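Remarks on the overall topology
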Amino acid sequence: MSDLLPREIRCVLIPSGGARLLLPNATISEVITLSTPEPVEHAPAWLLGRIAWRGWRVPLVSFATLTGIDPASESGNSRVAVLKALGGNPKLPFIAVVTQGFPRLTTLNAELILPTHDGSELPFGVRANVLVRDDTAVIPDLEAIEAELIAVLEAA
C-alpha cells in the first residue's frame, strides 16, 4: 500500500497574517492582486466578502482573523491565493485567502514535516502545527472552513 503513496509532494508555504499555511501545490489555482471584495451581509469578521475571479464570486477569507493568529500583521503587499475547495459543492468550487506576498514552493517528504503541537486545543480552521525544515507552518483544516463558509453563505 505504501508503494502507492508519493515519496515527495510539491507544497507551498503561503504567508497569511502571522502564520505560514502549508498546502499541496495542487490546491492553489492562482495568486492574484487583492481587490475590494463585495460585502456579504451579516458575515463574520473573517469573511471579508466575495471577489470576482474568472466568472466566479469567490468568498475571501482572512485566515488570521478566523484562527486568531496575529491578524494585525495582515497589511501591505496583500494578495489573494485562490484555492480549490475540497468538498465537491458545485456552489463553492473555490475559496480565496488573503496572503502577504507570494507562496513559496517547496518539495517535502514525511521526514521533513515534524508536528509541533503541544496537546492544547487547536483553533478552529487549524488541522496541525508543523515544522517544515526551519519554518513553522500551519496546516489549515480546509474541510471545516469550507463547511463553515457554506453555512454562512446560505444564511446570508
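Above this note sits the structure.
Residues numbered from 1 in each chain as written. Predicted model: local features only at pLDDT ≥ 70, side-chain atom pairs only at ≥ 80, totals over all residues. Heavy atoms only, no water.

1. Regarding the overall build of the protein
Helices and strands together make up the secondary structure of the protein, namely two helices and 11 strands. A compact globule built from 156 residues would reach a C-alpha radius of gyration of about 15 Å, and the protein, at 15 Å, matches this within 12%. Projected onto its principal axes, the C-alpha positions of the protein cover 45 × 35 × 30 Å. Buried residues in the protein amount to 40% of all 156 residues. Accessible surface for the protein amounts to roughly 8700 Å². Of this, 55% is attributable to carbon and sulfur atoms. (Helix = DSSP H or I, 4+ residues; strand = E, 2+ residues; numbered from the N terminus. Rg over C-alpha atoms; globule rule 2.2 N^0.38 Å. Buried < 20%, exposed > 50% of the residue type's maximum accessible area, 1.4 Å probe, protein only. Areas by Shrake-Rupley, 256 points an atom, 1.4 Å probe, with all protein chains shown as cover.)

2. Focus on the layout of surface pockets
Here the largest pocket defines a volume of roughly 490 Å³. Around the largest pocket, the lining is made up of 20 residues, and of these Ile9, Cys11, Pro24, Leu108 and Ile113 lie nearest the centre. Listing elements by their share of the lining of the largest pocket, those giving two or more residues are β1 (9-16), β2 (19-24), β11 (135-140) and α2 (142-155). Of the residues forming the lining of the largest pocket, the biggest block, three residues, is contributed by β2. Broken down by class, the residue content of the lining of the largest pocket amounts to 13 nonpolar, two polar and five charged. (1 Å grid on protein atoms, 1.4 Å probe; cavity = no way out; pocket = protein on both sides within 12 Å on 5 of 7 lines; lining within 4 Å. Points joined across faces, edges and corners; volume = space filled by probe spheres on them. Nonpolar A, V, L, I, M, F, W, Y, C, P; charged D, E, K, R; others polar.)

3. What to know about the packing of aromatic side chains
When we look at a pair of aromatic rings, we describe it by the centre distance and by the angle of the planes. By the definition in use, this model includes two aromatic pairs. Arranged with centres 4.8 Å apart and planes meeting at 75 degrees, the rings of Trp53 and Phe94 form a pair that is edge-to-face. In this pair, Trp53 sits in strand β4 (residues 47-53) while Phe94 sits in strand β7 (residues 94-100), placing the two residues 41 residues apart along the sequence. As far as burial versus exposure is concerned, Trp53 and Phe94 are alike and both buried. Ring centres 5.9 Å apart and planes at 65 degrees place the aromatic pair Trp56 and Phe94 in the edge-to-face group. Here Phe94 lies in strand β7 and Trp56 lies in strand β5 (residues 56-61), a separation of 38 residues in the sequence. The class of Phe94 is buried, set by a relative accessible area of 17%. Here the aromatic cluster, defined as three or more aromatic residues joined through ring pairs, consists of Trp53, Trp56 and Phe94. (Phe/Tyr/Trp six-rings, centres within 6.5 Å; stacked < 30°, edge-to-face > 60°.)

4. A word on the environment of Arg10
Within the secondary structure layout, Arg10 lies in strand β1. Distance in space between the C-alpha atoms of Arg10 and Ile28 is 11 Å, their sequence separation being 18 residues. Sequence-distant contacts of Arg10, that is, excluding residues within four places in its chain, are made with Pro24, Asn25, Leu105, Thr106 and Thr107. Separated by 3.2 Å, the side chains of Arg10 and Thr107 make a polar contact. (Contact = heavy atoms within 4.5 Å. Polar contact = N/O pair within 3.5 Å; in protein donor to acceptor, adjacent residues only side chain to side chain.)

5. Details of the side chain of Thr67
Within the secondary structure, Thr67 is located in helix α1 (residues 63-67). With residues up to four places along the chain from it excluded, the contact list for Thr67 reads Pro123, Phe124, Gly125 and Val126.

6. As for α2
Taking 1.5 Å as the rise per residue, α2 with 14 residues should run 20 Å; its terminal C-alpha atoms sit 20 Å apart, in good agreement. Of all the residues in α2, the buried ones are Leu142, Ile145, Glu146, Leu149, Val152 and Leu153. In a view along the axis of α2, the buried residues occupy a sector of 130 degrees, so they form one face of it. Set apart from the buried face of α2 by more than 90 degrees, the exposed residues are Glu154 and Ala155. (Expected span 1.5 Å × (residues − 1). Arc of directions from axis to C-beta.)

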